[in-house]
Structure formats: C-alpha cells, structure tokens
Amino acid sequence: TFLFVVVGCGGGQTTPAPAPEKQKLTVASDTAYAPFEMQGGPGEPTYIGFDMDLIRAIGEVLGKEVEIISMGFDGIIPALQSGSVDCAISAMTITEERAKVVNFSVPYYESGLITAVRADNNDIKGFEDLAGKKIAVQIGTTGALKAQEVPDAKISTFNTIDLAFLELKKGAVDAVINDAPVTLYFIQQGNEDVKVVGDLLSGEFYGIAVPKGKEDLLNQINDALKTLKENGTFDRIYMDWFGQ
Ligand code: ARG
C-alpha cells in the first residue's frame, strides 16, 4: 500500500509566497536621554526622539527595517565590538578614544557639556567652582570624563542621566555635568528646581557609531545622511525636536 501525503496544496490552489522580509538594521541606544532618545507614549513608537527619527529616516533610505536595541550607555561600545548590533545612535560624542575602537559617521549634531546645580545654589557659578564638590554623572560619558578633571571632586556615577538628576534634586550632590541640550530639556520638562551655570564646556559632535571593518555600512549611513540633508528631511526632524 501506498500512503500519499499531500503537503501544502489545498485543491490545486497555490499558497501566496510570504512578502520578502526587509533587511534589518539593529541599532544600539541608551533610550533614556531625552530629547534624543526616550520611551514613546501610547500610540507612539516604543522609542521616540531626534536620534530615533533620524535613524528611522536613514533606515528608510537604505530600505532596511530599524530595530532599536535599548541598553546601558556603557554597553554600547562593547556591543559594537562584539558585533551584536549593526550600529549605534545615542547622542554619542565623537572622541579620539572611541574612534580607536569603532568608526563614526560624519557628525550630525553639535553639542557640549554644561554644569547644572539646584536653582537655589548661589555658590557654584560654573565649572570652575566645582573643586571639592559632589558631582553626579552618567557612566561612560564625556561628562564623566570632564568631572575627573575637577580637583578633589567626589564623583558619583549613575547608569542613567535621570538618576544623576534625581540625586541633584534630592540634594545628595552639588552638580551634574552633562550634555547641554539634554540638561536644558530636563529643566524645561518641569524641573525648575534645577538650573544651568557657566558656559558650554566644550564643542562636541555626535556621530553614529559602526563596528570597525564595516566600511560598507558606514558609507551607506554617510550617504543617507547626505541625502536627508539635501532633501530637507534632516531639517524637518531637527525642527520637530529643537525648533520653537
Ligand atoms: N554625548 C555624551 C557622550 O557621548 C553623552 C551621551 C549619553 N547618551 C545617552 N543616550 N545616554 O559621552
């Protein structure tokens, strides 16, 4: 006896082939750094912000589906080095140290560090007044590096910038050193018990980080950035988050 097994053909009909899957672009980010990356509200994408819009626009140019992999900021460079993600966008400053272990796109945003204190603090007027003070920073950031230059500072390091700000609001530290656009946005969001003091500490530029050896992807990202600048998409995204 023969046993006929008929697989996947119902009465001569053909099953429609599944739509070809879009190639994925996996992107690391510390998604607690508003307005660059943050959790979306109901009806919004999981992660929103300037960087999130920018990388999704880049994904569209490249015909790739962007998947954000949220992780601690200090985990991003290791994730790139181990190849577990394709790239990273996280308000990450292009530095010489980092450029030894990852490649950076062309700069896409100019930033800088600023000192924040409690609004009722009349004693710290800028970075120069921080000697001997308690300073909170986010781990692995340029703000954390800058704090190390302060003589006799007592530095507390936190996994997210929000925890550093909480410490400042509580009065457990005297100051937070962090990227100015993020600190200013934080104050604007109803944290008027915090203020910035002194000047921007230095000019910094954010770049998209790509593992060493992935020159093709790096070039594609740079070309996409150029396209988005030329066709007005970059300006539109910029205005959405920073235009008043
Ligand atoms: N620009 C600073 C740096 O590169 C801080 C970036 C922190 N980014 C974040 N998503 N938490 O070190």
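Residues numbered from 1 in each chain as written. Predicted model: local features only at pLDDT ≥ 70, side-chain atom pairs only at ≥ 80, totals over all residues. Heavy atoms only, no water.

The next subject is the nonpolar core. Grouped together as the largest cluster of nonpolar side chains are 43 residues, with contacts concentrated most on Ile-55 and Tyr-108. Those elements giving two or more residues to this core turn out to be strand E1 (23-29), helix H1 (50-62), strand E4 (64-70), helix H5 (161-170), helix H6 (180-188), helix H7 (215-230) and helix H8 (233-242). Each of domain 1 (25-110 + 204-242) and domain 2 (113-197) accounts for three or more of the residues forming this core. Setting aside residues up to four positions removed in sequence, Ile-55 forms contacts with Leu-25, Val-27, Val-66, Ile-68, Cys-87, Ile-89 and Ile-208. Membership of the second largest hydrophobic core comes to 14 residues, among which are Val-117, Ile-135, Ala-175 and Val-197. (Core = buried A, V, L, I, M, F, W, Y, C linked by side-chain atoms within 4.5 Å. Buried < 20%, exposed > 50% of the residue type's maximum accessible area, 1.4 Å probe, protein only. Helix = DSSP H or I, 4+ residues; strand = E, 2+ residues; numbered from the N terminus. Domains from an automatic or database assignment. Contact = heavy atoms within 4.5 Å.)

Next up on the list: the domain arrangement of the protein chain. Think of interface size as the accessible area that goes away when the parts come together; that is how it is often given. If you check the domain split of the protein chain, you get domain 1 (25-110 + 204-242) and domain 2 (113-197). Between the C-alpha centres of domain 1 and domain 2 the distance comes to 25 Å. Between domain 1 and domain 2, the contact holds 16 residues from the first and 14 residues from the second. Both faces considered, domain 1 and domain 2 share a buried interface measuring about 1200 Å² in area, 56% of it formed by carbon and sulfur atoms. In this assembly, domain 1 and domain 2 are joined by zero salt bridges. Residue classes in the side of domain 1 that touches domain 2 are distributed as ten nonpolar, two polar and four charged. (Buried area = accessible area lost by both parts, 1.4 Å probe. Salt bridge = Lys/Arg side-chain N within 4 Å of Asp/Glu carboxyl O. Nonpolar A, V, L, I, M, F, W, Y, C, P; charged D, E, K, R; others polar.)

Counting buried positions along strand E9 (residues 134-138) yields four of five residues, so the element is predominantly enclosed. Looking at chain direction, E9 and strand E10 (residues 154-158) are connected through five bridges and run parallel. Bridge pairing links Val-137 to Thr-157 in E10. A crossover connection joins E9 to the parallel E10 through helix H4 (residues 142-147); in handedness this β-α-β unit is right-handed. Where E9 and strand E11 (residues 175-179) come together, two bridges link them in parallel fashion. Looking at the pairing, Ile-135 lines up with Ala-175 of E11. (Pairing = 2+ DSSP bridges. Right-handed = clockwise from strand over helix to strand, strands pointing away.)

Tracing the backbone shows Val-106 in the loop between strand E6 (102-104) and strand E7 (109-111). Between the alpha carbons of Val-106 and Phe-205 there is a distance of 9.2 Å; along the sequence they are 99 residues apart.

Ordered by their spatial adjacency, five strands build an open sheet running E10-E9-E11-E8-E12, and the pairing between neighbours is mixed. In this open sheet, the two strands that pair with only one neighbour each are E10 and strand E12 (194-197). The sheet shows a mean angle of 35° between the axes of neighbouring strands, taken without regard to direction. For strand E8 (residues 113-118) and E11, the ladder comprises four bridges, and the chain directions are antiparallel. Bridge pairing in E11 places Ile-114 opposite Asn-178. The strands touched by H5 are E8, E9, E10, E11 and E12; relative to E11, the strand with the most contacts, the crossing angle is about 150°. (Axes fitted to C-alpha atoms, helices over the stretch in contact; angles between N-to-C directions.)

Before going further, it helps to spend a moment on the environment of Asp-199. Within the fold, Asp-199 resides in the loop between E12 and strand E13 (204-206). Asp-199 sits 137 residues away from Leu-62 along the chain, and the two C-alpha atoms are 39 Å apart. Those residues in contact with Asp-199 that sit more than four places away from it in its chain are Leu-113 and Ile-114.

As a further point, take empty space enclosed by the protein. By rolling a water-sized probe across the atoms, one finds the places where empty space is left. According to the stated counting rule, one finds one cavity of 30 Å³ or more in the structure shown. Counted as a void, the largest cavity has a volume near 90 Å³. Taken together, 13 residues make up the lining of the largest cavity; nearest its centre are Tyr-33, Phe-73, Ala-91, Thr-141 and Asp-179. For the lining of the largest cavity, the per-class residue count stands at four nonpolar, five polar and four charged. Among the domains, domain 1 (25-110 + 204-242) and domain 2 (113-197) are the pair contributing at least three residues each to the lining of the largest cavity. (1 Å grid on protein atoms, 1.4 Å probe; cavity = no way out; pocket = protein on both sides within 12 Å on 5 of 7 lines; lining within 4 Å. Points joined across faces, edges and corners; volume = space filled by probe spheres on them.)

One face of the sheet, then the other: side chains in a regular strand alternate in exactly this way. Buried residues dominate E8, accounting for six of its six residues. Two strands pair when backbone bridges link them, and E8 and E12 are joined in this way by four bridges, in the antiparallel orientation. Within the sheet, the bridge partner assigned to Arg-118 lies in E12 and is Val-194.

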